[in-house]
Amino acid sequence: MKTAFVVYCSPAGSTRHVAEVIAASLKENSVTVHTLDLGTADDPAPFVDRLKTAGEGDCLFVGSPVYRDVAVPPVMAFLNQLPSVAGPTFVPFVTWGGATSGLALWQMGQALEGKGFRWREPPRCWEYTP
Ligand SMILES: Cc1cc2nc3c(=O)[nH]c(=O)nc-3n(C[C@H](O)[C@H](O)[C@H](O)COP(=O)(O)O)c2cc1C
């Protein structure tokens, strides 16, 4: 992976923390990382423009808290307005309150598959405890 894109929404900070751990780890491995926090007023256009040029093997990491079993609306709105792509992979990640990670990962995956992103292989599940 040469380039990674990390986008997240994190009203209370836990998902941001995981996003920062992911980004730092990728940078340590010489991956160029672009990040977007959907909770700020930052214009998402430059991030999306870069994402449109992503090549095969580049990866989009998408993070959301679980609210009532699903991803939060700003994350799904962002995914649903993405242009179609050919090549990049994706990794969804969530934080949750211990009740359930619910449908959020599946839901984010469905939206991204619909845009032409491919699940990053091999499928793995990490549980991160700070
Ligand atoms: C309105 C609301 C709904 C939530 N629904 C769930 C849920 O269905 N299942 C669960 O395990 N945690 C639930 N949580 C807990 C959050 O997913 C958890 O605290 C998450 O880490 C918050 O992420 P953030 O710190 O990035 O905002 C909910 C929290 C809030 C505020």
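Residues numbered from 1 in each chain as written. Predicted model: local features only at pLDDT ≥ 70, side-chain atom pairs only at ≥ 80, totals over all residues.

With an unreviewed UniProt entry as reference, the protein chain is termed Flavodoxin-like domain-containing protein, source organism Desulfosarcina widdelii. As stated in UniProt under Cofactor (unreviewed entry), the record for the protein chain gives "FMN". (UniProt positions renumbered as here; feature names shortened; annotations may be inferred.)

## A word on the overall build of the protein chain
Each helix and strand in the protein chain was counted, giving four helices and six strands. Over its C-alpha trace the protein chain gives a radius of gyration of 14 Å, about what one expects of a compact globule, namely 14 Å for 130 residues. With respect to the principal axes defined by its C-alpha atoms, the protein chain has extents near 35 × 35 × 30 Å. For the protein chain, buried positions account for 32% of its 130 residues. Put simply, of all contacts in the protein chain between residues at least 6 apart along the chain, 79% involve residues at least 24 apart. (Helix = DSSP H or I, 4+ residues; strand = E, 2+ residues; numbered from the N terminus. Rg over C-alpha atoms; globule rule 2.2 N^0.38 Å. Buried ≥ 20, exposed ≤ 12 C-beta atoms within 10 Å, placed from the backbone. Contact = placed C-beta atoms within 7 Å.)

## A few points about the environment of V62
Looking at the secondary structure, you find V62 in strand β3 (residues 59-67). Along the chain, V62 and P74 lie twelve residues apart, while their C-alpha atoms are 12 Å from each other. If we skip the residues at most four places from it in the chain, V62 touches V7, V75, L79, F90, P92 and M108.

## Description of the nonpolar core
Formed by 33 residues in total, the largest nonpolar core has its most connected members in F61 and V75. Dropping the residues within four chain positions of it, F61 is found in contact with A4, F5, V6, I22, V91 and F93. (Core = buried A, V, L, I, M, F, W, Y, C linked by C-beta atoms within 7 Å.)

## Some words on the site of the ligand
Lining the immediate surroundings of the ligand are 18 residues, of which A12, S14, T15, P65 and G97 lie closest. Elements with a minimum of two residues in the shell around the ligand: α1 (14-28) and β3. When residues in the shell around the ligand are grouped by element, the largest group, three residues, is from β3. Looking at the shell around the ligand residue by residue, the class counts come to seven nonpolar, nine polar and two charged. (Near = placed C-beta within 6 Å. Nonpolar A, V, L, I, M, F, W, Y, C, P; charged D, E, K, R; others polar.)

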